[in-house]
Amino acid sequence: MAIRIISKEVVKPSSLQVYVREPFSISLLDQVIPAHYIPTIYFYTNPSDSHFDIAQVLEQLKNSVSKALNQFYPLSGRTVDNLHITSYNKGVPYVEARVKGRLCDYIEKANHQLEILNQLLPCQCYCSIPTSTSPQIAVQVNIFDCGGIAIAMCSSHKIVDGTTLSAFMKSWAAYNQGSNGEIPNPDLLGAASRLFPPLESVPQNYLSLIESLWFKEGWHKTRRFVFDENAIATLVVKAKSKRLEHPSRFVALSAFLWKYAMLATRSASGISKPSILTQSVNLRQRMKPRLPNHSMGNLYCSTISMYKSDAKDIELHHLASLVREAMDAFNDQLGLLQSGEALQFVTDQHNQVEEFAPDGEVELFDCTSWLNTVDGDEADFGWGKPTMTSGGWNESRYHAFANTIIIKSIGQGQHKALEVVITLDEKAMDILERHPDFLAFASPNPYYNKI
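What you see is a predicted model, and the numbers here were worked out from it, not measured in a lab.

Some points on the overall build of the chain
Looking only at helices and strands, the chain has 12 helices and 18 strands in total. Taking 451 residues into account, the globule formula puts the C-alpha radius of gyration at 22 Å, and the chain, at 22 Å, falls close to it. Dimensions of the chain, computed from C-alpha atoms along their principal axes, come out at roughly 60 × 50 × 40 Å. Considering the chain as a whole, with its 451 residues, one finds that 56% of them fall into the buried category. When contacts within the chain are restricted to residue pairs at least 6 apart in sequence, long-range pairs at least 24 apart make up 80% of them. Charge separation in the chain, taken as the distance between the mean sites of 41 positive and 46 negative side-chain charges, equals 3 Å.

A look at the sheet that holds strand β2 (residues 24–25)
In spatial order, the strands read β2-β5-β4; together these 3 strands make up an open sheet with antiparallel pairing. The open sheet has two free edges, formed respectively by β2 and β4 (78–80), since each of these has just one partner strand. As judged from the 3 bridges shared by β4 and strand β5 (residues 84–86), these two strands associate in the antiparallel manner. Across the sheet, threonine 79 pairs through a bridge with isoleucine 85, a residue of β5.

Re the confidence of the model for the chain
The predicted model of the chain averages 90 in pLDDT, with 94% of residues at 70 or higher. Mean pLDDT values for the elements of the chain range from 70 in strand β15 (residues 400–401) up to 98 in strand β6 (residues 92–99).

A word on helix α3 (residues 103–112)
Listed in full, the buried residues belonging to α3 are Leu103, Tyr106, Ile107 and Ala110. Seen along its axis, α3 keeps its buried residues to an arc of 95°; they face one direction. On the buried face of α3, the contacting elements are β1 (3–11), β3 (37–44), β6, β7 (137–144), β10 (220–227) and β14 (388–390).

Focus: the environment of alanine 261
Counting through the fold element by element, alanine 261 comes out in helix α8 (residues 249–269). Take alanine 261: its relative accessible area is 1%, and that puts it in the buried class. Sequence separation between alanine 261 and phenylalanine 365 is 104 residues; the distance between their C-alpha atoms is 8.1 Å. What alanine 261 contacts, discounting residues up to four positions off in sequence, is Phe365, Leu424 and Leu432.

Observations concerning the state of the cysteines
For the structure on display, the rule yields 0 disulfides. A disulfide-free cysteine, cysteine 301 has its sulfur positioned 16 Å from the sulfur of cysteine 367, the nearest such atom. Residue class for cysteine 301 comes out buried when judged on its relative accessible area of 5%.

Some points on the packing of aromatic side chains
Centre-to-centre distance and the angle between the planes together describe a pair of aromatic rings. Counted under the stated rule, the structure contains 17 aromatic pairs. Residues phenylalanine 168 and tryptophan 172 carry aromatic rings whose centres are separated by 6.2 Å and whose planes lie at 45° to one another, so their mutual orientation is tilted. With a gap of 4 residues between them, phenylalanine 168 and tryptophan 172 both fall in helix α4 (residues 162–176), about one helical turn apart. For the pair phenylalanine 168 and tryptophan 172, a shared accessibility class is recorded, and that class is buried.

Some words on the nonpolar core
The nonpolar side chains of a soluble globular protein tend to be buried, and buried together. The biggest cluster of nonpolar side chains holds 60 residues, and the ones touching the most others in it are Phe43, Leu120, Trp214, Leu283 and Leu337. Once residues within four sequence positions are removed from consideration, leucine 337 is found in contact with Phe196, Leu283, Met287, Cys301, Phe330, Ala342 and Phe345. Counting residues in hydrophobic clusters, the runner-up holds 47 residues, among them Leu58, Leu69, Phe381 and Val421.

Structural notes on the side chain of threonine 164
Position of threonine 164 among the secondary structure elements: in helix α4. Side chain to side chain, threonine 164 and aspartate 161 meet in a polar contact 2.8 Å long. Excluding its chain neighbours within four sequence positions, the residues that come into contact with threonine 164 are Ile159, Arg284, Asn293, Ser295, Met296 and Gly297.

Parameters at a glance
- Residues numbered from 1 in each chain as written.
- Predicted model: local features only at pLDDT ≥ 70, side-chain atom pairs only at ≥ 80, totals over all residues.
- Heavy atoms only, no water.
- Helix = DSSP H or I, 4+ residues; strand = E, 2+ residues; numbered from the N terminus.
- Rg over C-alpha atoms; globule rule 2.2 N^0.38 Å.
- Buried < 20%, exposed > 50% of the residue type's maximum accessible area, 1.4 Å probe, protein only.
- Contact = heavy atoms within 4.5 Å.
- Lys, Arg positive; Asp, Glu negative; His and termini not counted.
- Charge placed at Lys NZ, Arg CZ, Asp CG, Glu CD.
- Pairing = 2+ DSSP bridges.
- pLDDT = per-residue confidence, 0-100.
- Arc of directions from axis to C-beta.
- Disulfide = S-S within 2.5 Å.
- Phe/Tyr/Trp six-rings, centres within 6.5 Å; stacked < 30°, edge-to-face > 60°.
- Core = buried A, V, L, I, M, F, W, Y, C linked by side-chain atoms within 4.5 Å.
- Polar contact = N/O pair within 3.5 Å; in protein donor to acceptor, adjacent residues only side chain to side chain.

Put into structure tokens, the structure is as follows:
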């Protein structure tokens, strides 16, 4: 389907007061994250409103995002020296595009050609980007011939995690509806840097380790799968053991995904490397007192599960116990973060990984949950909640963010089924999506055919 760009501009905060604000300090947790864009696309079917004027919608969206940037002003600036954000007049790239055809046909085609979703994005994602010159976010509003809309956000992980994106979208949507999108307690916007102050210079070995673990050379492939209620319930039973008598749905599913991603990667490479599964934990809900969702930055840390064995038969219940134990270990270390000792926490995790794989030969898989975070509830612009949310497709063959797993809700009325978006090396994915034991629980996502 042809896509025609109809306008490209830079949107800036509407309030002149923003431009004289002090530099916004990023936190230590932001400093150690390599800058790269993560895409999120919100799809809306054509509202059954005869007064729905596309030209008016486009103008209103642009005006309201400018108001939301007054609240989340660091998103309009640029990062300087990996220490702070300033130059709020640089603004946000904002693209408007027309898509030939119907939204439902486009989504159906995306079932078989996920890469076409990238046509809806304003920039390339999942690869390393320059920290100092790159915008924090970029927006593309896509209008289909049928009146359907796809709002695509590319968010730099240098300063935006899933919760930050959700809070920004909530503010933007509120302004677009004519409501108050102001954030309460705006002083807490920069709470992260006060809790976890930045270092003047982050040790290069920290940055190099994360860069080498996250970004991989080669072709990558992304696929979507659905796990229905019965499949997840069966996995919970299989994940039980004496070490873990009551595994949660999330632990059981995470362990299952880790197992088969590991098996596929080992089969594709012919090498059984030690394996690590990292899982993000939102710190906002765990700090005392709790922080609001609009506290900006990467306010999360990762649990680290480790597995080192050449055995061909990897037991699900063993991996599930490792995942649960990593979560318990994280909870035991939470006091370090609560007391502001983020550097000690980061150092401990760095040493833990180096001791596990001193030669650097390790396969890392990153598992992130979008449940109750980027689920679309925050993005009702006045014509209803999104029919669907999606990411982009990792199509890069160079230094790309790979070996990722995203667990998300699948759609309204199907809250007990979960969608899983997996990106692996191309050969590994070819093996995974044909593995009979994996497909006994996972199925290609049929929901997208119903839009």
